[in-house]
Amino acid sequence: MIVVSNRVTIPDERVETFEERLQTSYGIEDRPGFRGMTVLAPVDAEGHITMTFWETREDYEAWRESTAFESAHQEASAEHAFKTGNTVEVHEVAVDRSTTESPVHVSEE
């Protein structure tokens, strides 16, 4: 299981649009290996963080190379909405101590 995180800083006037765009599927739910997505809004932090959960790195890479990914990211104004560049990180889940009631639960099947 891997988690791909993307930290972006959005100007206040674009936050609503940014969050609305991330509520649109663009077919990600239908991708093999996709386990879920969580978007974190800053409280005492800098920037939003999107996290997608994948069975394997290969599943994530297949999404990145798909036409669905291209469609999801084709709006040039989306990247221009960032105050600064974005930071993408890929992590393997080493420990998962969440409960089944947790909204971010990632099961290890």
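All values derive from a computational prediction rather than experimental measurement. (Residues numbered from 1 in each chain as written. Predicted model: local features only at pLDDT ≥ 70, side-chain atom pairs only at ≥ 80, totals over all residues. Heavy atoms only, no water.)

Describe the pattern of salt bridges, naming the residues involved and giving the relevant values.
On inspection of all chains with the given rule, the structure shows 2 salt bridges. Here glutamate 55 makes a salt bridge to arginine 35, at a shortest N to O gap of 2.2 Å. Here the residue glutamate 55 occupies a position in the loop between strand E3 (48–54) and helix H2 (57–64), and arginine 35 occupies one in strand E2 (residues 34–40), the gap between them amounting to 20 residues. Assessed through its relative accessible area of 31%, glutamate 55 is described here as partly exposed. For glutamate 61, the salt bridge is made with arginine 57, and the minimal N-O distance between the two is 3.3 Å. Taken as a pair, glutamate 61 and arginine 57 lie in helix H2 at a separation of 4 residues, close to a single helical turn. According to the relative accessible area criterion, glutamate 61 is partly exposed, its value standing at 26%. (Salt bridge = Lys/Arg side-chain N within 4 Å of Asp/Glu carboxyl O. Helix = DSSP H or I, 4+ residues; strand = E, 2+ residues; numbered from the N terminus. Buried < 20%, exposed > 50% of the residue type's maximum accessible area, 1.4 Å probe, protein only.)

So what about the sheet that holds E2? Which residues, and what values?
If you walk across this open sheet you meet the 4 strands as E2-E3-E1-E4, and the pairing is antiparallel. Looking at which strands have only one partner, the edges of the open sheet turn out to be E2 and strand E4 (87–92). Within the sheet, the average angular offset between the axes of one strand and its neighbour, ignoring direction, is 15°. The pairing of E2 with E3 spans 6 bridges and is classified as antiparallel. (Pairing = 2+ DSSP bridges. Axes fitted to C-alpha atoms, helices over the stretch in contact; angles between N-to-C directions.)

How would you sum up the packing of aromatic side chains? Please name residues and give values.
The tally for this structure, following the rule as stated, stands at 4 aromatic pairs. Between the aromatic rings of phenylalanine 34 and tryptophan 54, the centroid separation amounts to 5.2 Å while the plane-to-plane angle is 70°, which identifies the pairing as edge-to-face. Separated by 20 residues along the polypeptide, phenylalanine 34 in strand E2 and tryptophan 54 in strand E3 bring together distant segments of the chain. Just as phenylalanine 34 is buried, tryptophan 54 falls in that class too. Feature note: the residues Phe34, Trp54, Tyr60, Trp63 and Phe69 constitute an aromatic cluster, connected by ring pairs. (Phe/Tyr/Trp six-rings, centres within 6.5 Å; stacked < 30°, edge-to-face > 60°.)

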